[in-house]
Amino acid sequence: MSFPKGFLWGGATAANQYEGGYLEGGRGLAISDMITAGAHQVPRKIYYEYEDGKEGVTTIGGSVPKGAHGIVKEGIYYPSHVATDFYHHYKEDIALMAEMGFKCYRFSVSWTRIYPNGDDEMPNEEGLKFYDMVIDECLKHNIEPLITILHFDMPQHLADAYGGWSNRALIPLFVKYATTLLTRWKDKVKYWVNINEVNVLGGYWTLGLSSDNEQTKKSNAVMEASIADAGLKYQAIHHLLVASAHVNKVAHEINSDNMMGCMLALSGIYPATCHPDDVFGAYDFRRHALIFSDVYMRGYYPGYAQGIFDEYNFTLKMEEGDEEILRAHPSDFMAFSYYRTTTFDRNSEKITTTGGQQGSSNPYLKETPWGWPVDPVGLRYVLNELYDRYQKPLFIVENGMGNIDVLEADGSVHDDYRIDYFRDHVKEMKKAIEIDGVNLLGYTPWGWIDVVSAGTGEMKKRYGFVYVDTDDQGNGSLKRYKKDSFYWYKKVCESNGEEL
Ligand code: BGP
């Protein structure tokens, strides 16, 4: 069997990196609005302020000190405020998706467009209407919407007034927000992803955490900051997992056809050598990510969880009912992002605890200009790893290469490197389906149109099949241009993956 009939070819984006319109339509302030642009190996920053007006700064991954709150600072450029302006270009952009033959579009809803403070009594009708229009426009073109309920985003108010996800009070607030969406679009949207890349969340930027941990305050490195607050992070993510199980329950009550997915960053991990400490180290390192999908997919914390918590002297606080809800409402499918592989080297200190964004380099692989190893076979490896482990449908909801593109005078962009990257990855997907028998629902490459980079806040790190005229300072017409990869991917979608 080749790609099955109805395979969902498409593309993915997230509100905080694509939408813009940050204070329009009654939208409230989100933490993602406060993250500055960085650069390759220069972390993005979040400025914060204490009650008395004293200011400080942390990086994404770090927490703000207790008693301080994030601010949008005058004179600083914040790339998400306009981003690539889907808010004002949605019709044109969905027409481009349709032209490519998309069967599916994965996008996220901005929580503060729906509940501007996160704990408002009533939803913001104008925000809901915006997504009504987006969904209807997709359906008009026979594009199946796949909604991410939370993608690197949260209302600032929930961080500052509640301490973010460290507070269980966010569970019912999130369930209320998700229920609003599930009810509104119950006959229009079937595929949902609860939380984007739950295994890489941390600190203030995605969990709204504040902390007086000395290491966090001093640290300027994402890695050290996230390790310093690991205990806090695991507790906060537990609340997200419990909230997701409640959402799955509600979703199936609203419409039993709803397909609820969890989502993790699962770029693969290899041992650097066959030294047993590298082999077991790589296996063990992978568990720092799989711990979350084990809960989502199996409904309970795995035996090795305590070992991970012990590394941080952390004791998980469960409340009555948590275990039951997790067991009763696992995910229907597993979504994941795949960009690269990482090599685990027992002697390297560069590895992070979250999902493996750093490690020793792999001499067998070429790297992108941002140093991400390109590894199509790794995708087949991960597809097999996950299908063997969970035996439930998989969905690749992000894949792609960030690169520097050149817009030619005639409006063309010659991005052969991107075509090569995708062709090689799609071939491996095909083998995973045909030879290995993996059940794969669909494929939505990341940033099908250029969006702001999550990691660096750059515009020049482009992923799209469509080029958007804007730069790292936000200069440009925002005009859309089709890259060579646009025409290539159109053939792939239209031939159901036969013409590569
Ligand atoms: C994933 C995120 C996306 C996206 C992608 C590419 O981690 O879910 O939001 O941005 O990575 O990463 P980057 O933008 O840092 O190149």
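Residues numbered from 1 in each chain as written. Predicted model: local features only at pLDDT ≥ 70, side-chain atom pairs only at ≥ 80, totals over all residues. Heavy atoms only, no water.

1. Some remarks on the pattern of salt bridges
Side chains that differ in charge, positive against negative, can pair when their charged atoms come close.
Okay, step 1: In this structure the tally under the stated criterion is 32 salt bridges.
Okay, step 2: Put simply, Arg298 and Asp294 hold a salt bridge, and the shortest N to O gap is 3.3 Å. Taken together, the residues Arg298 and Asp294, both in helix α11 (residues 276-298) and four residues apart, mark about one turn of the helix.
Okay, step 3: The class for Arg298 is partly exposed, based on a relative accessible area of 32%.
Okay, step 4: Note on Asp294: relative accessible area 0%, which makes it buried.
Okay, step 5: Through salt bridges with shared partners, a single network forms among Asp405, Asp415, Arg418, Asp450, Arg462 and Lys483. (Salt bridge = Lys/Arg side-chain N within 4 Å of Asp/Glu carboxyl O. Helix = DSSP H or I, 4+ residues; strand = E, 2+ residues; numbered from the N terminus. Buried < 20%, exposed > 50% of the residue type's maximum accessible area, 1.4 Å probe, protein only.)

2. A few points about the confidence of the model for the chain
Okay, step 1: Mean pLDDT over the chain works out to 93, with 94% of the residues at or above the 70 mark.
Okay, step 2: Of all the helices and strands in the chain, helix α9 (residues 222-228) carries the lowest mean pLDDT, 50, while strand β5 (residues 104-108) carries the highest, 99.
Okay, step 3: Taken together, the stretch residues 217-225 has pLDDT below 50 and engages in 18 contacts with residues farther than four places along the chain or on a different chain.
Okay, step 4: Low pLDDT (under 50) marks residues 353-358, which in the prediction has 24 contacts with non-local residues, meaning those over four places away or in another chain. (pLDDT = per-residue confidence, 0-100. Contact = heavy atoms within 4.5 Å.)

3. Looking at the packing of helix α10 (residues 230-254) against α11
Okay, step 1: With their axes 10 Å apart at the nearest point, α10 and α11 run at an angle of 25 degrees to one another. It follows that α10 is roughly parallel to α11 by the angle criterion. Here the hand of the crossing between α10 and α11 comes out right-handed. Contacts from Tyr234, Ile237, Leu241 and Ser244 of α10 reach α11 at His288, Phe292, Val295 and Tyr296. (Axes fitted to C-alpha atoms, helices over the stretch in contact; angles between N-to-C directions. Parallel < 35°, antiparallel > 145°, perpendicular 65-115°, else oblique. Left-handed = near helix turned anticlockwise from the far one by under 90°.)

4. A closer look at the layout of surface pockets
Okay, step 1: What the second largest pocket holds in volume is close to 240 Å³.
Okay, step 2: Around the second largest pocket, the lining comprises 13 residues; the ones closest to its centre are Ala282, Tyr283, Arg286, Tyr381 and Glu385.
Okay, step 3: At the level of elements, β9 (268-271), α11 and α14 (376-390) are the ones that each hand at least two residues to the lining of the second largest pocket.
Okay, step 4: Among the elements that line the lining of the second largest pocket, the one with the most residues is α11, at six residues.
Okay, step 5: The residue makeup of the lining of the second largest pocket, split by class, is nine nonpolar, no polar and four charged. (1 Å grid on protein atoms, 1.4 Å probe; cavity = no way out; pocket = protein on both sides within 12 Å on 5 of 7 lines; lining within 4 Å. Points joined across faces, edges and corners; volume = space filled by probe spheres on them. Nonpolar A, V, L, I, M, F, W, Y, C, P; charged D, E, K, R; others polar.)

5. Topic: the packing of α11 against α14
A pair of packed helices is captured by two measures, namely the crossing angle of their axes and the spacing between those axes.
Okay, step 1: Axis separation between α11 and α14 bottoms out at 11 Å; the angle between their running directions is 45 degrees. Considered as vectors, α11 and α14 are oriented oblique to each other. Here the hand of the crossing between α11 and α14 comes out right-handed. Residues Arg286, Leu290, Ser293, Asp294, Met297 and Arg298 of α11 form the contact with α14, whose participating residues are Val382, Glu385, Leu386, Arg389 and Tyr390.
Okay, step 2: Of the residues contributing to the contact of α11 with α14, the split by class is five nonpolar, one polar and five charged.

6. Some points on the site of the ligand
Okay, step 1: Surveying the vicinity of the ligand reveals 14 residues, the closest of which are Glu197, Ala454, Gly455, Lys461 and Tyr463.
Okay, step 2: Between the ligand and Ser453, the relevant distance is 3.2 Å, taken from an oxygen atom to a side-chain nitrogen or oxygen of the residue.
Okay, step 3: Gly455 places a polar main-chain atom, nitrogen or oxygen, 2.7 Å from an oxygen atom of the ligand.
Okay, step 4: Compared with its free state, where it exposes 380 Å², the ligand has 92% of that area covered by protein.
Okay, step 5: Residue composition of the shell around the ligand, grouped by class: six nonpolar, five polar and three charged. (Near = heavy atom within 4 Å. Polar contact = N/O pair within 3.5 Å; in protein donor to acceptor, adjacent residues only side chain to side chain. Areas by Shrake-Rupley, 256 points an atom, 1.4 Å probe, with all protein chains shown as cover.)

7. Regarding helix α4 (residues 125-140)
Okay, step 1: When the terminal C-alpha atoms of α4 are compared, their 22 Å separation across 16 residues agrees well with the 22 Å that a helix rising 1.5 Å per residue should span.
Okay, step 2: Packed against the buried residues of α4 are α1 (15-18), α2 (86-100), β5, α3 (111-114), β6 (144-150) and α6 (170-184).
Okay, step 3: Within two residues after α4, Asn142 carries a phi angle of roughly 55 degrees, on the positive side. (Expected span 1.5 Å × (residues − 1).)

8. Let's talk about the sheet that holds strand β10 (residues 333-337)
Okay, step 1: In space, the eight strands of this closed barrel follow the order β1-β5-β6-β7-β8-β10-β12-β13, with parallel pairing throughout. Averaged over neighbouring strand pairs, the angle between their axes works out to 30 degrees when direction is ignored.
Okay, step 2: Strand direction decides the pairing type here: strand β8 (residues 259-265) and β10, joined by five bridges, are parallel. Counterpart to Gly261 in the pairing with β10 is Phe333.
Okay, step 3: In this fold α11 packs onto β7 (191-195), β8 and β10, with an angle of close to 170 degrees to the strand it touches most, β8. (Pairing = 2+ DSSP bridges.)

9. Some words on the pairing of strand β2 (residues 45-50)
Okay, step 1: With five bridges joining them, β2 and strand β3 (residues 55-59) adopt antiparallel strand pairing. When the bridges of β3 are listed, Ile46 appears paired with Thr58.
Okay, step 2: Counting the residues between successive antiparallel strands, the hairpin from β2 to β3 contains four residues, one of them, Gly53, with a positive phi of roughly 90 degrees.
Okay, step 3: Relative to strand β4 (residues 68-70), β2 runs antiparallel, the two sharing three bridges. Paired with Glu49 across the strands is His69, a residue of β4.

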